[in-house]
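Architecture and fold: a report
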Amino acid sequence: MKINELETTRRTYYFLKSYKSLHKLAIQENNHGAFKDKAVELVTEIEAYRDNLDELKREIFANLFTKRTRERLKLHQLYEALGIDKIEYERLKAEVLLDFAKIHRDGALLVYE
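On a predicted model such as this, the values are computed, not experimentally measured, just so you know. (Residues numbered from 1 in each chain as written. Predicted model: local features only at pLDDT ≥ 70, side-chain atom pairs only at ≥ 80, totals over all residues. Heavy atoms only, no water.)

Attention now moves to the pattern of salt bridges. Applying the stated criterion to the full structure yields eight salt bridges. A salt bridge links arginine 10 to glutamate 7; the shortest N-O distance between them is 2.5 Å. Taken together, the residues arginine 10 and glutamate 7, both in helix α1 (residues 5-16) and three residues apart, mark about one turn of the helix. The partner of lysine 93 in a salt bridge is glutamate 90, with the nearest N and O atoms 3.5 Å apart. One end of the pair is lysine 93 and the other is glutamate 90, both in helix α6 (residues 86-103) and three residues apart, which spans about a single turn. Look at glutamate 90 and you get partly exposed, because its relative accessible area is 33%. When salt bridges with common partners are traced through the structure, they connect Lys57, Glu88, Arg91 and Glu95 into a single cluster. (Salt bridge = Lys/Arg side-chain N within 4 Å of Asp/Glu carboxyl O. Helix = DSSP H or I, 4+ residues; strand = E, 2+ residues; numbered from the N terminus. Buried < 20%, exposed > 50% of the residue type's maximum accessible area, 1.4 Å probe, protein only.)

Here's what the structure looks like:
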């Protein structure tokens with residue numbers, strides 16, 4: 001079966017955008033239970049994936065999902081800091097999202113045509 005890359009990257013992007021709320025839940029001290037345990041598991045998985053990326057992809061990933069709003073670079077600043085153009089950025093972003101989709105829960109985020 002062929003992977004629908006556009007839908008897979010879209011689904012993965014929206015999943016990873018939940019990192020901030022998952023992280024907040026994971027670090028709450030007075031909250032215990034299944035939701036917190038799942039949040040800790042997902043945050044750990046996302047951070048482990050981010051930490052295993054090469055420097056260029058890690059910066060793109062962090063800027064999209066794990067950095068705080070005030071710490072994020074605007075796209076033109078990111079292009080300049082990384083020495084890439086928009087086309088290369090989009091290619092690397094799609095590659096990162098597809099790779100994450102493949103490893104997360106044995107491909108649970110993958111969309112097939």
